[in-house]
Amino acid sequence: MTTVASAQTDIPATAWHHRHLIDLDVVSWPEIDLIMRTTDEMKGILARPIRKVPALNGRRVTTLFYEASTRTRVSFETAARNLSADVVSVAPATSSVTKGESLVDTVRTLEALGAEILVMRHSVSGAPYLAAEVFGGHVLNGGDGWHAHPTQALLDLYTMRENLPGGDLRGRKVAIVGDILHSRVARSNIWSLTAAGADLWLCGPATLLRGMDRWATAWSGGAIPGHGRFNVTSDIEAALHDADVVMGLRIQRERMQGGLLPSLREYAARFQLNAERVSLAKPGAIVMHPGPMNEGVEIAPDVAISGRSVITDQVANGVAVRMALLYLLAGAHEAAHGETPL
Ligand code: NCD
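Residues numbered from 1 in each chain as written. Predicted model: local features only at pLDDT ≥ 70, side-chain atom pairs only at ≥ 80, totals over all residues. Heavy atoms only, no water.

Trainee: Explain the domain arrangement of the protein chain to me, please; I cannot follow it from the model alone.
Mentor: Where the parts come together, the accessible area they lose is often given as the size of the interface. Partitioning the protein chain into structural domains gives domain 1 (8-148 + 316-336) and domain 2 (151-311). Relative placement of domain 1 and domain 2: their C-alpha centres are 25 Å apart. The partner domain 2 presents 24 residues to the 31 residues of domain 1 that form the contact. Summed over both sides, the interface between domain 1 and domain 2 buries roughly 2,300 Å², with carbon and sulfur atoms accounting for 61% of that surface. Three residues stand out in domain 1 for area buried against domain 2, namely Leu 24, Met 36 and Trp 146, and they jointly supply 30% of the buried area on that side. Run the count over domain 1 and domain 2 and you get three salt bridges. Residue Asp 33 pairs with Arg 161 through a salt bridge whose shortest N-O separation is 3.2 Å. (Domains from an automatic or database assignment. Contact = heavy atoms within 4.5 Å. Buried area = accessible area lost by both parts, 1.4 Å probe. Salt bridge = Lys/Arg side-chain N within 4 Å of Asp/Glu carboxyl O.)

Trainee: I tried to follow unusual backbone geometry on my own but got confused; where do I start?
Mentor: Glycine aside, negative phi is the norm for most residues, and most peptide bonds take the trans geometry. Cis geometry is found at the peptide bond from Gly 291 to Pro 292, where omega equals -5 degrees. Relative to the helices and strands, Pro 292 resides in the loop between β9 (286-288) and α11 (301-304). Positive phi, close to 70 degrees, is recorded for Ser 84, a residue that is not glycine. Looking at the element boundaries, Ser 84 is found in the loop between α2 (71-82) and β2 (86-90). Overall, the relative accessible area of 16% leaves Ser 84 in the buried class. A positive phi angle, close to 65 degrees, is found at Asp 242, a residue other than glycine. For Asp 242, the position within the fold is in the loop between α8 (236-240) and β8 (245-248). Residue classification places Asp 242 among the partly exposed residues on the basis of a relative accessible area of 39%. (Helix = DSSP H or I, 4+ residues; strand = E, 2+ residues; numbered from the N terminus. Buried < 20%, exposed > 50% of the residue type's maximum accessible area, 1.4 Å probe, protein only.)

Trainee: What am I meant to see in the pattern of salt bridges here?
Mentor: Overall, the coordinates contain ten salt bridges when judged by the stated rule. Put simply, Asp 33 and Arg 37 hold a salt bridge, and the shortest N to O gap is 3.4 Å. Linking Asp 33 with Arg 37, this pair stays in helix α1 (residues 29-46), spanning four residues, or about one helical turn. Judged by its relative accessible area of 22%, Asp 33 is partly exposed. In this structure, Glu 67 and Arg 184 form a salt bridge, with 2.9 Å as the shortest nitrogen-oxygen distance. In this pair, Glu 67 is assigned in the loop between β1 (60-65) and α2 and Arg 184 in helix α6 (residues 184-195), connecting sequence segments 117 residues apart. We note that Glu 67, like Arg 184, is buried.

Shown next as C-alpha cells:
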C-alpha cells in the first residue's frame, strides 16, 4: 500500500480510481473520505513556512474558464503551483474561442500544447463530459451550468467537518437557502451531504426550488443507495430552526429568465439570512456562502462577517482541497511509492 505523504501518515491513496472529477455522483463515501484526509495533509503543507512541494513537478495544469470566476480559478492555480505544476491559464474572451473555435477544438489544441490536467468551467451543463471524451488527460470540473461544482461541495464538506464538534455530519442539520434552482453548488452539495448523513434542508421561494421536491422524493425512496433523504421547503423559519450549518446561495440573475422573483427587495425581505433569522439556528451554528456574495440580498453584511461566519475559511480550504484533488487525479500517490514527494 502506498501512502500519500510520508511515514507519519497512513492514507490508502491507492483507493482513488477516477481519471476525471466531473460530478460527485460517481464518487463513493470512502473516496470522499480519502479526499478529506488528503486535504488534511495539504493543510499541513500550507501551514509550513514554505508552502511548495514537488509532487507535480513538470506536470502541466491548464485552466479554461468560459464563465467568470475569482476564487475557483485562482485557488486551482494556487493549488497547482503549490504542488510545483506548470500552470497555463486560458481566458476564452481573449482566445480563438472569439473566432468561433469549438470547445472540442480548443481542448484538442490545449492538449497538443501540453495540457495534462484540464480544469474547466462552462455555462453549459455537461460540457466537461464532452471535453473528457476528446481529452487524453484528466478533466476537473470547476462548475458547469446548473449541473455540478464538485470541488465547491468538497471544500464545503471539509469546512463543515472542521467546524463541527467531532467532525461528523451524521444527523447534523444543514440548511441551504437561496437560488437552489440555478445552483450547481447546491446540486453537488446534495450528493456529498446526503452521503455524509446530514439532515439536509433546501429552502427558497417555490419558483427557485422547481424540480427539487421530485428529486427529494426519489432520494427518500432509497433511489440512491447509501444516501440519506433531504427536505425541500419555502418555510425559512422551519429550515433554520436548530440548524448546525446555514449556507446562503447567490441569486443568479444571469441565469434567470423573467418572472421567477417579484424583486430582489421582496426576496431579501422574505429569505435574506439576517441576524434575526440566523438566531433561529443552534447557538454554535456556522454560516457559509460559496461566494460571490450579494450582500444585502441573500445575506446581510453583518452576518457575513459575524463570528459565526466561516466564509473566508471556505475560500482558504478551497486551495487545500484542490491540491488534494490534483494530487490524487494526477496519480502522484502512485508515483510516490513511499518516496515522499510532499
Ligand atoms: C459559485 C459558482 O460559480 O457556481 N461560486 C463559486 O464557485 N464559489 C456560485 C455562484 O456563482 O453564485
